[in-house]
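Letter by letter, the chains look like this.
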Amino acid sequence: MKFESRFYQIITVISDWVLRIVMLNIMMIITMLPIVTIFPALSAGYNMFSDYFNYDDKPLIKGYFGYFVKDFKKKFSLNLVLILLIILAVSNTRYYMLSLEANGNTFEHIGYYVSLFLLIGLFIITLYVLTVHRVYPRIKLFLLFKVSFFLAGKFLFRSILLVLSLLIPLVMFTFPFTMMMFVFTGVSIMIMVNVYITKPAVDYLESLGENHV
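Every chain's residues receive numbers from 1 upward, in the order its sequence appears when written. In keeping with the model being predicted, local features are shown solely for residues with a pLDDT of at least 70 and side-chain atom pairs are shown and tallied solely at 80 or more, while totals for entire chains, interfaces and linings include all residues. Computation of side-chain values covers all heavy atoms of the structure but excludes hydrogens and water.

Novice: An account of empty space enclosed by the protein is requested, with residue identities and associated values reported.
Specialist: As defined here, a cavity is a set of points on a 1 Å grid over the protein atoms alone where a 1.4 Å probe fits but cannot get out. A pocket is an open set with protein on both sides within 12 Å along at least five of seven lines, and residues line them when an atom is within 4 Å of a point. Grid points are joined across faces, edges and corners, and a volume is the space filled by probe spheres set on the points. For the coordinates displayed, the defined rule picks out one cavity of 30 Å³ or more. What lines the largest cavity is Tyr46, Ser50, Asn54, Arg134, Val195, Thr198, Lys199 and Val202. Put simply, DSSP marks the helices as runs of H or I at least four residues long and the strands as runs of E at least two long, and each gets a number from the N terminus on. Taken together, the elements giving at least two residues each to the lining of the largest cavity come down to helix H2 (38-53) and helix H10 (176-208). The element that contributes the greatest number of residues to the lining of the largest cavity is H10, accounting for four residues. The nonpolar class holds Ala, Val, Leu, Ile, Met, Phe, Trp, Tyr, Cys and Pro. Asp, Glu, Lys and Arg form the charged class, and all remaining residues, Gly among them, are polar. Here the residues of the lining of the largest cavity sort into three nonpolar, three polar and two charged.

Novice: Just give me the short version of the packing of H2 against helix H3 (residues 60-69), but keep the residues and values in it.
Specialist: Here, axes are lines fitted to C-alpha atoms. For helices the fit covers the stretch in contact, and angles between N-to-C directions go from 0 to 180 degrees. Across the interface, H2 lies against H3 with an axial gap of 8 Å and an inter-helix angle of 130°. With respect to H3, the element H2 is oriented oblique. The hand of the H2/H3 crossing is right-handed. Of the residues in H3, those touching H2 at Pro40, Ala41, Ala44, Gly45, Asn47, Met48, Asp51 and Tyr52 are Leu60, Gly63, Tyr64, Tyr67 and Phe68. Looking at the contact of H2 with H3, its residues break down into nine nonpolar, three polar and one charged. Angle categories are assigned with fixed cut-offs, so that under 35 degrees is roughly parallel, over 145 is roughly antiparallel, 65 to 115 is roughly perpendicular, and the rest are oblique. Crossings are assigned a handedness: left-handed for a near helix turned anticlockwise from the far helix by less than a right angle, right-handed for a clockwise turn. Should any heavy atoms of two residues lie within 4.5 Å, those residues are counted as being in contact.

Novice: Describe the packing of aromatic side chains, listing the residues and the values that go with them.
Specialist: Centres within 6.5 Å make a pair out of two Phe, Tyr or Trp rings, where for Trp the six-membered ring is used; the pair is then stacked when the planes are under 30 degrees apart, edge-to-face when over 60, and tilted otherwise. For the coordinates displayed, the defined rule picks out 10 aromatic pairs. Centroid distance Tyr64 to Phe68: 6.2 Å. Interplanar angle 20°. Geometry classified as stacked. Remark: Phe68 and Tyr64 occur in helix H3; sequence separation between them is four residues, near one turn of the helix. Take Tyr64 and Phe68: they sit in the same class, and that class is buried. Put simply, the rings of Tyr64, Phe65, Phe68, Phe72 and Phe76 touch in pairs and so form one group of aromatic residues. Charge-over-ring placement is defined geometrically: NZ (Lys) or CZ (Arg) within 6 Å of the ring centre, and within 35 degrees of the ring normal. Positioned over the ring face of Tyr52 is Arg20, at 4.0 Å from the centre of the ring. Note on classification: 1.4 Å probe, protein chains only; a residue is buried when its accessible area is under 20% of the maximum for its type, exposed when over 50%, partly exposed between these limits.

Novice: How would you explain the layout of surface pockets if you had to name every residue and give the values?
Specialist: Space inside the largest pocket adds up to approximately 780 Å³. When its residues are assigned to classes, the lining of the largest pocket shows 19 nonpolar, four polar and no charged. In this structure, the second largest pocket occupies an estimated 270 Å³ of space. Leu85, Leu88, Ala89, Asn92, Ser115, Phe117, Leu118, Gly121, Leu122, Ile125, Phe145 and Phe149 together form the lining of the second largest pocket. Within the residue set of the lining of the second largest pocket, elements represented by two or more residues are helix H4 (72-102), helix H5 (106-126) and helix H7 (141-154). No other element matches the six residues that H5 contributes to the lining of the second largest pocket.

Novice: Go over the packing of helix H8 (residues 156-165) against H10 with me, naming the residues and quoting the values.
Specialist: Running from N to C, H8 and H10 point in directions that differ by 175°, and their axes come no closer than 10 Å. Considering their axes alone, H8 and H10 lie roughly antiparallel with respect to each other. Contacts between H8 and H10 involve Arg158, Leu161, Leu162 and Ser165 from the first element and Met190, Val193, Asn194, Tyr196, Ile197, Thr198 and Pro200 from the second. Partitioning the contact of H8 with H10 into residue classes produces seven nonpolar, three polar and one charged.

Novice: Break down the nonpolar core for me, with residues and values.
Specialist: What makes a nonpolar core is a set of buried Ala, Val, Leu, Ile, Met, Phe, Trp, Tyr and Cys residues whose side-chain atoms join them at distances within 4.5 Å. Core analysis: the biggest nonpolar cluster contains 42 residues, and Leu24, Phe49, Tyr64, Tyr128, Val132, Leu151 and Ile191 have the highest contact counts within it. Residue assignment for this core shows that the elements contributing at least two residues are helix H1 (2-32), H2, H3, H4, helix H6 (129-135), H7 and H10. The greatest single-element share of this core, amounting to eight residues, is contributed by H10.

Structure (C-alpha cells):
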C-alpha cells in the first residue's frame, strides 16, 4: 500500500509539472505574439516557475496573468527600450561591418569594435534582466541595467551557462520529435533552465534588500 501511495504521488507530481510546462508555454507564446509584450510574458513565466521551484503553488492561469499585468506599464516600457537598443546596436554593428568591407580605414575599425563591445554588453545585461526585475520590480531602468551587468560578472560561470542555454532551441530543432516538443514546451524549458541557473543570483539580491539598490 505504501508503495502504491508513493507511486501515485510521483505520478501526480509529474502530471502537475507537465501541465504547468505545457500551459505556461502556450500562454507565453500567445501573449508574446504582439512583440511589444515579450518581456511581460517572459517575466510572468519566470516568476511562475520561480514560485513553483520554491513550492509556492500558484494557480496556473490566474497566477500567470496576475504577473503579466502587474506593473505592466513599466514592463511594457522596458520591452520597448530593450527592442530599440537591440535594433540600434545590431544596425550600428552591421553598418560598420559593411563599411569595413568597403573602406577599412581607422575610423571604421574603431566604430566597429565600439559597436561590437556595446552589443556584447547589451547581450550580457539582458541575461539577468528577468532576475533583477523579479526581486526589484520597480527598479529604475539605468539601475536595472547596472545591477544586471554586475550580476553577469559576479556569477560568471552561471552567465556562461545562461549563454549556452540559448542553444536549447537549436538542439531541439535537430530532431523531428524534439522539434514537436519545442512547440509545446520549448519556451517553458528555456525559462525553467534560466530560473534554475539564476537562483543563486535571486538569493543574493534578496539578501541585500531594497535599501542596497
